[in-house]
Amino acid sequence: MKQILRYGLILLCFSGLAGVSLHGVNVLTRERIAAAQQRALTEGQRQIFPAAARFGEQKTFPVGNKTAQYFEAFDTNGVCIGYELLHTVQGYQSPITVLTAIDRRGIIAGIKILSQAETPGLGAEVEAVPASRTLWQALAGLVRRVPAQVRPAAPPLPPFQAQFAGKSLTQLRVVKQPTRDAIEAIAGATITSEAVTKAVRDAISNFFLHVAHPPTSEQSP
Amino acid sequence: MARLLHVSSSPHLRTSDSIPKIMWTVVIALLPLCVFAVWLFGWYAALLIAICVATAVLTEGLMQKLRKQKLTLYDGSAVVMGILVACNLPPGISWWIPIIGTFVGMAIAKHCYGGLGYNIFNPALIARAFLLAAYPKDMTTWISPVDATTCATPLGILKERGPGELLSAYGGKLSLYKHLFIGNIPGCLGETSALLILAGGVFLLLRGIITWHIPLSYLATLALLTFLSGGDPIIALLAGGVMLGAWFMATDLVTSPFTRRGQVVFGIGCGLLTFLIRRFSGYPEGTSYAILLMNAATPLIDRYFPNRIYGTR
Amino acid sequence: MSVSTVKEVTKGFWEKNPVLVLALGLCPSLAVTTSVRNALGMGVSTIFVLTLSNVIIALIKGIVPSQIRIPCYIIVIATLVTIVDLVLAAYFPDISKAIGLFIKLIVVNCIILGRAEAFAAKNTAWRSLLDGIGMGIGFMIALVLIAAVREVLGANKLFGFTVFPGWRPIAVMVLAPGAFLTLGFLLGAKNLRMRT
């Protein structure tokens, strides 16, 4: 009995020390982590909606028993020209969070996958960007410096995500062939491709159902 | 202990069959399929078969050299493996992809496990499974034997669009059965003609290379399960690779059980798995995975269905 | 530095390599080796955690009763891993995004507990420090080796650059089977070298 108390006390001391040190690190890093996440979000927002000059604060609306988040996008005159919608779905093996930018008619300006942990080489290819240079060019580039102005400012959007731009809700279905008016699945990763497309579809239809009224153009559902 | 294990498992009966004789008989049984594939899909099919056979033979030679073993290139086992890999390829695949697959099948699935007689898995099926995982798009792009455009296999249509579409695509039930039986349909090089596979299988049966236990229990299980689940058992048997698998790959002497009872269990397992994969997975066809999984179960089957020791009950 | 000091560090690089010889930490060596970048990130994080945990455990080994040493070690290791996770997220968000999931797995990486049990609990803090650095570097070497093979064969890339323009890679090599194949052949090659 005495032994058990002693062991328990020792473990308590260790746990207490661990807790105190973790609290310290958490206090030190909390703000930087929040700032880094905010920066990643802002960069993503601008990348997929180049026409917008600034974005509003995060707003929420209820969907069933959950809440969905969105941001308003404004042009230089402060006129609302569209929205960016956050939506998370279950992918093949991980939750996938997608940011979808739409204009006021519901046409997609662009999408960006903010987080996912799908199978490397298959599902994770939704975030893959084809290499711009070969290894040999890069090795040669160590000798000859590439001029700074040649380098792009932001990394290009992955081809899978780029194909959403310009599409409307009715075109959001997944096919396996190259196409212009649907989404082409990543080879061998149909489930992840479907999940991303579903995230975009649900985000838009939820938004028009609960927040904005669908515009009266024939392309809307 | 190690010395004891050198004794091969029963039966220790002597027969006049040698490895070359068995293997070259299998090659003869496979030849009609190859000729039909060339007639159906053109000379490119002949090139693919030649590439697979050449890669298999060269890899076998290389591995035997590396492992400092006697070269056995004339026993025909590499030729059989090469032809079977080719039979499992879509006819329009890029010529260099089969080289990778055949090399992996021969070097890893056969020689890393100890060579002929020691491999757990059928090397030709490992080659197919590896390529299916490595180049999923190439391995599932089919060309039509009529006009060489890309199209879907009968099982692909069945999976994606349902049985009604399949019937209308081939103009009615009888016409569909006839197409599937003769084999002028899209599919892997050697899997399309049920007629020629049956002919080859019966030839092997008559020559005593294989017995009826695995093919019949395999096909009967698949047909019964398909019928019970409301599908068409004739389509299930004739379409896809199950004929080729049941007669030529599940019957591989090395990777299937020794005893008759074990072989029936093996066949039933293959049929059950093929049915489950076709019915419930994302793949239209499951023959190769079904046989590979049962290959893995073979040692277990041999353990639970051993030979009766002579003189006991 | 004496010869034995150098030896304590370098033994883990190759002849007692944690992955290829001691077969420790196989789970992360299979999971994170899809690219050399991920392997380096995981390697550096592991070196940090392993060195610190070795030192701390060598220091506290006198005051921890042996019956509850495992929970104590786990608390120390879990705390260190969480610190690494937070620091990466704060200062290196890109790397954190790529390998954040695996960082949390360091807690159950048997290298850390394995070295704590097998070495740090029996040796001085100084020698445990050297052992942690050496074993960590050896772990990273193995990870980078596996990742280089898999990234080149499976994605036709190295450090994100295309290796053979125009060649379509063997996608299965960046998947789980490719990890097992690569690890198997590396273990085989290492055993072949040790035997001769």
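Residues numbered from 1 in each chain as written. Chains lettered and ligands numbered in written order. Predicted model: local features only at pLDDT ≥ 70, side-chain atom pairs only at ≥ 80, totals over all residues. Heavy atoms only, no water.

Caption draft 1: Focus on the overall build of chain B. Each helix and strand in chain B was counted, giving 15 helices and two strands. Since a compact globule built from 313 residues should have a radius of gyration of about 20 Å, the 19 Å found for chain B is in line with a globular shape. Across the 313 residues in chain B, those meeting the buried criterion constitute 52%. Sequence separation of 24 or more characterises 74% of the internal contacts of chain B that already satisfy a separation of 6 or more. Accessible area of chain B: about 15,200 Å², with a carbon and sulfur share of 68%. Of the side chains in chain B, 22 bear a positive and 12 a negative charge, and the two mean positions are spaced by 12 Å. (Helix = DSSP H or I, 4+ residues; strand = E, 2+ residues; numbered from the N terminus. Rg over C-alpha atoms; globule rule 2.2 N^0.38 Å. Buried < 20%, exposed > 50% of the residue type's maximum accessible area, 1.4 Å probe, protein only. Contact = heavy atoms within 4.5 Å. Areas by Shrake-Rupley, 256 points an atom, 1.4 Å probe, with all protein chains shown as cover. Lys, Arg positive; Asp, Glu negative; His and termini not counted. Charge placed at Lys NZ, Arg CZ, Asp CG, Glu CD.)

Caption draft 2: How the structure looks around the nonpolar core. With 88 residues, the main nonpolar core has Leu30, Ile83, Phe130, Leu189, Tyr218 and Phe248 of chain B together with Ile170 of chain C as its most contacted residues. Considering every element that reaches this core, the biggest residue donor is helix 1 (residues 19-41) of chain B, with 13 residues. The residue makeup of this core includes at least three contributed by each of domain 1 (19-137) and domain 2 (157-303) of chain B. With 44 residues, the next largest nonpolar core counts Leu24, Leu88, Phe139 and Leu158 of chain C among its residues. (Core = buried A, V, L, I, M, F, W, Y, C linked by side-chain atoms within 4.5 Å. Domains from an automatic or database assignment.)

Caption draft 3: Spatial organisation of the packing of helix 1 (residues 3-10) of chain C against helix 7 (residues 125-155) of chain C. All names here are of chain C. Between helix 1 and helix 7, the shortest axis-to-axis distance is 6 Å and the interhelical angle comes to 40°. Taken together, the axis directions place helix 1 and helix 7 in an arrangement best described as oblique. Two secondary-structure elements touch here, helix 1 through Thr5, Glu8 and Val9 and helix 7 through Trp126, Arg127, Leu130, Asp131, Ile133 and Gly134. Looking at side-chain class alone, the contact of helix 1 with helix 7 contains four nonpolar, two polar and three charged residues. (Axes fitted to C-alpha atoms, helices over the stretch in contact; angles between N-to-C directions. Parallel < 35°, antiparallel > 145°, perpendicular 65-115°, else oblique. Nonpolar A, V, L, I, M, F, W, Y, C, P; charged D, E, K, R; others polar.)

Caption draft 4: Broad picture of the pattern of salt bridges. Here the structure, examined in full by the defined rule, presents 14 salt bridges over all chains. One network of salt bridges, in which partners are shared, links Glu8, Lys11, Arg115, Arg127 and Asp131 of chain C. (Salt bridge = Lys/Arg side-chain N within 4 Å of Asp/Glu carboxyl O.)

Caption draft 5: The arrangement of the pairing of strand 3 (residues 66-74) of chain A in detail. Residues and elements named next belong to chain A. Both strand 1 (residues 54-55) and strand 3 contribute to a ladder of two bridges, which runs antiparallel. Paired with arginine 54 across the bridge in strand 3 is phenylalanine 74. In terms of strand pairing, strand 2 (residues 59-63) meets strand 3 through five bridges, oriented antiparallel. Bridging across to strand 3, lysine 59 finds its partner in tyrosine 70. Bridge analysis of strand 3 against strand 4 (residues 80-90) gives six bridges, and the strand direction is antiparallel. The residue of strand 4 that forms the bridge with glutamine 69 is leucine 86. Where strand 3 hands over to strand 4, the hairpin turn is made up of five residues, of which glycine 78 adopts a positive phi near 80°. (Pairing = 2+ DSSP bridges.)

Caption draft 6: Spotlight on unusual backbone geometry. In this model, lysine 68 of chain B sits at a positive phi of 55°, which is unusual for a non-glycine residue. Within the secondary structure, lysine 68 of chain B is located in the loop between helix 2 (43-66) and helix 3 (77-87). Positive phi is not limited to glycine here, since alanine 23 of chain C has a value of about 55°. Residue placement: alanine 23 of chain C occurs in the loop between helix 1 and helix 2 (26-31). By relative accessible area, alanine 23 of chain C is classed as partly exposed at 42%.

Caption draft 7: Summary view of helix 13 (residues 242-249) of chain B. For helix 13 of chain B, the tally of buried residues reaches eight of eight residues, placing the bulk of the element in the interior. Among the residues of helix 13 of chain B, those classed as buried are Val242, Met243, Leu244, Gly245, Ala246, Trp247, Phe248 and Met249 of chain B.

Caption draft 8: Just the domain arrangement of chain B, in detail. Residue and element names in this part refer to chain B. Domains assigned within chain B are domain 1 (19-137) and domain 2 (157-303). Relative to domain 2, the C-alpha centre of domain 1 lies at a distance of 20 Å. Each side of the interface is counted separately: domain 1 has 34 residues, and domain 2 has 31 residues. Interface area, domain 1 with domain 2, both sides summed: about 2,700 Å², of which 78% is carbon and sulfur. The three residues of domain 1 that bury the most area against domain 2 are Leu33, Phe36 and Leu125, which together make up 20% of that side's buried surface. For the pair domain 1 and domain 2, the number of links is five residue pairs in polar contact (both at pLDDT 80 or more). Of all elements in the fold, only helix 1, helix 2, helix 3 and helix 5 (123-134) reach the threshold of two or more residues within the side of domain 1 that touches domain 2. Per-element accounting of the side of domain 1 that touches domain 2 gives the leading share, 12 residues, to helix 1. (Buried area = accessible area lost by both parts, 1.4 Å probe. Polar contact = N/O pair within 3.5 Å; in protein donor to acceptor, adjacent residues only side chain to side chain.)

Caption draft 9: Quick peek at the state of the cysteines. The full count for this structure, using the stated rule, is zero disulfides over all chains. Of the cysteine sulfurs around cysteine 52 of chain B, a residue in no disulfide, the closest is that of cysteine 87 of chain B, at 9.1 Å. (Disulfide = S-S within 2.5 Å.)

Caption draft 10: Inspection of the interface of chain A and chain C at higher detail. Taken residue by residue, the interface counts 29 residues in chain A and 31 residues in chain C. When the buried surface of chain A facing chain C is broken down by residue, Tyr7, Phe14 and Leu135 of chain A rank first, second and third, together holding 22% of it. Linking chain A with chain C are zero salt bridges, by the criterion used here. Summed over the shared surface of chain A and chain C, the number is three residue pairs in polar contact (both at pLDDT 80 or more). When residues of the side of chain A that touches chain C are traced back to their parent elements, those giving at least two are helix 1 (2-48) and helix 2 (135-143) of chain A. If one sorts the elements of the side of chain A that touches chain C by residue count, helix 1 of chain A sits on top with 15 residues. Considering only residue class, the side of chain A that touches chain C consists of 18 nonpolar, seven polar and four charged.

Caption draft 11: Main features of the side chain of threonine 29 of chain A. Turning to its location among the elements, threonine 29 of chain A is positioned in helix 1. Within the structure, threonine 29 of chain A has its side chain in polar contact with the backbone oxygen of valine 25 of chain A (distance 2.8 Å).

Caption draft 12: Up close: the pairing of strand 4 of chain A. All names here are of chain A. Along strand 4, eight of the 11 residues are buried, which leaves the element largely enclosed by surrounding structure. Two elements, strand 4 and strand 5 (residues 95-103), share nine bridges in a ladder whose sense is antiparallel. In the sheet register, leucine 85 faces strand 5, and the bridge partner there is threonine 100. A loop of four residues connects strand 4 with strand 5, the two strands running antiparallel in sequence.

Caption draft 13: Up close: the confidence of the model for chain B. Averaged over every residue, the pLDDT of chain B is 89; the share at 70 or more is 93%. Listed scores for the predicted complex are pTM 0.80 and ipTM 0.79. (pLDDT = per-residue confidence, 0-100.)

Caption draft 14: Quick peek at helix 1 of chain C. Within helix 1 of chain C, burial applies to Thr5, Glu8 and Val9 of chain C. Buried residues of helix 1 of chain C, seen end-on, are gathered within an arc of 95° and therefore sit on one face of the element. (Arc of directions from axis to C-beta.)

Caption draft 15: Main features of the packing of aromatic side chains. In total, this model carries 11 aromatic pairs over all chains according to the counting rule given. Look at tyrosine 70 of chain A and phenylalanine 207 of chain A: their rings are 5.1 Å apart centre to centre, the planes differ by 65°, and that puts the pair in the edge-to-face class. In this pair, tyrosine 70 of chain A is assigned in strand 3 and phenylalanine 207 of chain A in helix 4 (residues 190-210), connecting sequence segments 137 residues apart. We note that tyrosine 70 of chain A, like phenylalanine 207 of chain A, is buried. Ring centres 5.7 Å apart and planes at 35° place the aromatic pair phenylalanine 36 of chain B and tryptophan 39 of chain B in the tilted group. In this pair, phenylalanine 36 of chain B and tryptophan 39 of chain B both sit in helix 1, three residues apart, roughly one turn of the helix. Look at tryptophan 39 of chain B and you get exposed, because its relative accessible area is 65%. One aromatic cluster is present, built from ring pairs that chain together Phe61, Tyr70, Tyr83, Phe207 and Phe208 of chain A. (Phe/Tyr/Trp six-rings, centres within 6.5 Å; stacked < 30°, edge-to-face > 60°.)

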